[in-house]
Amino acid sequence: MRAFTSDSDPAPRTPALPVLVVGGGVAGLAAALDLGRLGVPVLLVERDGFLGGQVMRLDKLYPTDHCGFCPVWTESAAALAHPLVAVRRHTRLLDLEPPATGEEGAVAVLETRVPAVDPALCVACGLCREACAARGVAGAMQDRPVDRTWDPAGPPCPSIDFSLCNRCGACVAACPVQAVALERAPAVERTPVADVVFATGFAEPAGPLAPEFGRGSHPDILTALEFEALSAEANGGELRRRSNGATPRSLAFIQCAGARDARYLPYCAGVCCMHALKQARWARRRMPGLACAVFFTDLRAVGKGYEAYARAAADEGILLLRSRPGLVLAPEPAAADAPGAAVAVRYEDFATGRAVTAEFDLVVLNGGLAACPLPGAERIRPKEGPVAGRSCGFCAEPADVAQSVVQGARAAALVAQRLVRRAGGRP
Ligand SMILES: Cc1cc2nc3c(=O)[nH]c(=O)nc-3n(C[C@H](O)[C@H](O)[C@H](O)COP(=O)(O)OP(=O)(O)OC[C@H]3O[C@@H](n4cnc5c(N)ncnc54)[C@H](O)[C@@H]3O)c2cc1C
């Protein structure tokens, strides 16, 4: 593999600045690894403690229905092992500043927040947990971070639940490698970078997006990511109502809940039809008696094999209903604990033109996916358009895993092309 600096050039070179890749999801991983393979040094920053992004929160992946974790883990391991890819977890891009006059690239303002138990130092000896159990508060020291901010490929680093911790300091004193600290100030640094690839992905916006769908008003009205966690094989794969732990008899997915709506998110989130079908199919595979309905505006199954995937869902008995419900009503608080109290979905039956109310034990709201910001994107030089060819994956446009990976590779190729141009055509 050819290095970025040429062996045939006898002139001493200053070390090449790295390309900053912001976000360690599938798009960022693809961009970082492709740049590394081209011989370009990379600084990959990820604000969470693990690589893989949202895919690490998914159970199975359409269209193959394979486990989402394994392929991402392989790519994460490859990035961590690559000599030209420096990976910084727990590190967030806050902003970009312009470089010194006349120079290309940017100065990245990075903030690193190391967790209370530093995973880079922890040797998983368990002494902190023992000390906590003896002197602290039961449950304050967890085996694993509850928010999944750990590296699944690394040692089982514990974490502190500060809502329970009495700050006695027993864990700090017990740690033989000084990996535990109850207070850590975030460190902010400024790093010059040659160019930037944004792969910041998406988030489900906090709070109720479209109030008529009742998000947050009842435990049995969930977002798609919440349903993914509830039904995941890793969590037992057994579907239960969140309100009372009972086995659900019926499940509804409401597509475009807050999306394709001028009042909230005026675009199609691109991936929701497919992941609703995936979630419905997996729910019925695990619970064949479960009544399952998908309320859709128009079913968007665009991709190789996706239409067949949708048809298979219908053949398996999942009710695909073309209708856009206008109201989701949680049971009255008095009835909420009563056995069978269900969530009501009000929709128009297109066959009869009549408004219908149907009841479901679980309702999943789909569509509220928003691109994460690209901090400082407008300040990068050269001005080839603020994010022209620099953003990839879901932060650039709604994209599933396959599309995000392709976009990551494209962004890497465009950055490499720009670097070659800047170097006067030399590789
Ligand atoms: C419920 C659900 C189910 C899905 N199921 C499937 C499926 O079965 N198959 C499929 O193909 N697709 C599926 N998708 C879509 C899939 O999740 C996305 O395509 C994929 O996650 C996009 O990858 P990404 O790298 O662009 O973004 P993300 O996965 O969102 O990764 C972005 C990363 O950037 C980090 N980041 C953000 N801002 C900063 C910052 N300022 N500094 C540092 N780091 C930052 C984030 O922490 C995150 O790790 C599903 C989506 C949902 C919501």
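Because the structure is predicted, anything quoted here is derived from the model rather than measured.

Calculation criteria
All residue numbers refer to position in the chain's written sequence, counted from 1. At least 70 in pLDDT is required for a residue's local features to be given in this predicted model, at least 80 for side-chain atom pairs to be given and counted, and no such filter applies to totals for whole chains, interfaces and linings, which use all residues. Side-chain metrics rest on all non-hydrogen atoms present in the structure, leaving aside hydrogens and water. The secondary structure listing takes helices from DSSP runs of H or I that are at least 4 residues long and strands from runs of E that are at least 2 residues long, numbered from the N terminus. Per-residue accessibility, obtained with a 1.4 Å probe over protein chains only, is compared with the maximum for each type, and a residue is labelled buried under 20%, exposed over 50%, and partly exposed between these values. Note on areas: Shrake-Rupley, 1.4 Å probe, and residue coverage restricted to the protein chains presented here. One heavy atom suffices: a residue is near a molecule or strand as soon as one of its heavy atoms comes within 4 Å of it. N or O atoms closer than or at 3.5 Å make up a polar contact, with two conditions inside protein: a donor-capable atom paired with an acceptor-capable one, and, for residues adjacent in sequence, both atoms drawn from side chains. Three classes are used: nonpolar for Ala, Val, Leu, Ile, Met, Phe, Trp, Tyr, Cys and Pro, charged for Asp, Glu, Lys and Arg, and polar for all others, with Gly counted as polar. To pair, rings of Phe, Tyr and Trp, with the six-membered ring standing in for Trp, must have centres within 6.5 Å; the planes then decide the type, stacked if under 30 degrees apart, edge-to-face if over 60, and tilted in the middle. Remark: a charge is flagged as sitting over a ring if the NZ atom of Lys or the CZ atom of Arg is within 6 Å of the ring centre and within 35 degrees of the ring normal. Our arc is simply the arc of the directions from the helix axis toward the C-beta atoms. Between two residues, a contact is recorded if the distance between any of their heavy atoms is within 4.5 Å. The method works on a 1 Å grid over the protein atoms by themselves. A cavity is a set of points holding a 1.4 Å probe that cannot get out, a pocket is an open set with protein on both sides within 12 Å along at least five of seven lines, and residues with an atom within 4 Å of a point line them. Grid points are joined across faces, edges and corners, and a volume is the space filled by probe spheres set on the points. For salt bridges, the criterion is a side-chain nitrogen of Lys or Arg within 4 Å of an Asp or Glu carboxyl oxygen. Among the buried residues, those of types Ala, Val, Leu, Ile, Met, Phe, Trp, Tyr and Cys that are joined through side-chain atoms within 4.5 Å form a nonpolar core. Note on pairing: DSSP must find at least two bridges between two strands before they are called paired. To get an axis, a line is fitted to the C-alpha atoms, and for a helix only the part in contact is used. The angle between two axes follows their N-to-C directions and goes from 0 to 180 degrees. Under the counting rule used here, the positive set is Lys and Arg, the negative set is Asp and Glu, and His together with the chain ends is not counted.

1. With respect to the overall build of the protein
- A tally of helices and strands in the protein yields nine helices and 21 strands.
- Expressed as a percentage of its 427 residues, the buried residues of the protein come to 48%.
- With an accessible surface of roughly 19,900 Å², the protein has 57% of that area assigned to carbon and sulfur atoms.

2. Let's talk about the site of the ligand
- The full set close to the ligand counts 37 residues, and E46, Q54, Y62, F394 and A399 are the nearest of them.
- Here an oxygen atom of the ligand and a backbone polar atom of Y62 are 2.7 Å apart.
- A distance of 2.9 Å separates an oxygen atom of the ligand from a polar backbone atom of V401.
- Coverage of the ligand by the protein amounts to 98% of the 1,000 Å² it exposes when considered alone.
- The class makeup of the residues in the shell around the ligand is 18 nonpolar, eleven polar and eight charged.

3. Some details on the packing of aromatic side chains
- Evaluated as defined, the whole model comprises six aromatic pairs.
- The interplanar angle of 85 degrees and the centroid separation of 5.6 Å between the aromatic rings of F227 and F253 together place this pair among those described as edge-to-face. In this pair, F227 is assigned in helix α5 (residues 224-231) and F253 in strand β14 (residues 250-254), connecting sequence segments 26 residues apart.
- For F227, a relative accessible area of 1% gives the class buried.
- Judged by its relative accessible area of 0%, F253 falls in the buried class.
- Three or more aromatic residues link up through ring pairs in this structure, and these residues are F295, Y347 and F360.
- The ring of W282 has K60 lying over it, and the distance from NZ or CZ to the ring centre is 5.1 Å.
- Here the guanidinium or amino end of R285 rests over the ring plane of W282, the centre of that ring lying 4.6 Å away.

4. Section: helix α7 (residues 306-315)
- Residues of α7 that are buried: Y306, Y309, A310, A312 and A313. Mapping the buried residues of α7 onto a view down its axis gives an arc of 160 degrees, with all of them on the same face.
- Buried residues belonging to α7 abut α6 (272-286) and β16 (319-322).

5. Considerations on empty space enclosed by the protein
- Taken as a whole and assessed by the stated rule, the structure comprises six cavities of 30 Å³ or more.
- Within this model, the largest cavity holds a volume of roughly 140 Å³.
- As for the largest cavity, its lining consists of 15 residues, and the residues nearest its centre are R215, T223, A257, L365 and G368.
- Looking at the lining of the largest cavity residue by residue, the class counts come to eight nonpolar, five polar and two charged.

6. Some thoughts on the pattern of salt bridges
- For the coordinates displayed, the defined rule picks out 24 salt bridges.
- Note that R286 is salt-bridged to E233, the shortest N-O span being 3.3 Å. With R286 in helix α6 and E233 in the loop between α5 and β14, the pair connects residues that are 53 residues apart, well separated along the chain.
- Put simply, R281 and E316 hold a salt bridge, and the shortest N to O gap is 2.7 Å. With R281 in helix α6 and E316 in the loop between α7 and β16, this residue pair connects regions lying 35 residues apart in the sequence.
- Several salt bridges share partner residues, and in doing so they unite D59, K60, E233 and R286 into one network.

7. Remarks on the nonpolar core
- Judged by nonpolar contacts, the single largest core of 31 residues is most densely connected at F227, L239, L251, F253, M274 and L369.
- At the level of elements, α5, β14, α6, β15 (291-296), α7 and β20 (362-365) are the ones that each hand at least two residues to this core.
- With six residues, α6 is the largest single contributor of residues to this core.
- Dropping the residues within four chain positions of it, L251 is found in contact with F227, A283, L290, A291, C292, A293, F360, L362 and V364.
- Formed by 30 residues, the second largest nonpolar core is a distinct cluster that contains A32, L44, L51 and A412.

8. Some points on the sheet that holds strand β6 (residues 91-97)
- One open sheet holds the three strands; their spatial order is β6-β7-β10, and the pairing between them is antiparallel. With one partner strand each, in any of the chains shown, β6 and β10 (187-193) form the two edges of the open sheet. Within this sheet the neighbouring strands show an average axis-to-axis angle of 30 degrees, counted without direction.
- Here strand β7 (residues 106-112) runs beside β10; their pairing, made up of seven bridges, is antiparallel. Of the residues in β10, the one forming a bridge with A108 is T191.

9. Concerning the side chain of E46
- Mapped onto the fold, E46 is located in the loop between β2 (42-45) and β3 (60-61).
- Summary of buried charges: E46 has no salt-bridge partner, and the nearest side chain of opposite charge, R47, is 4.9 Å away.
- Excluding its chain neighbours within four sequence positions, the residues that come into contact with E46 are G23, G24, G25, L51, R88, R89, H90 and T91.

10. Points about the environment of A229
- Looking at the secondary structure, you find A229 in helix α5.
- When its relative accessible area of 37% is taken as the criterion, A229 is described as partly exposed.
- On a C-alpha basis, the gap between A229 and L58 in space is 7.2 Å, while along the polypeptide they are 171 residues apart.

11. Some words on the pairing of β7
- Counting buried positions along β7 yields seven of seven residues, so the element is predominantly enclosed.
- Side-chain alternation along β7 places A106, A108, L110 and T112 on one buried face and V107, V109 and E111 on a second face that is also buried.
- Bridging between β6 and β7 involves six bridges; their strand directions are antiparallel. Bridge assignment links L96 to a residue of β7, and that residue is A108.

Keep in mind that these numbers describe shape and distance, not what the molecule does.
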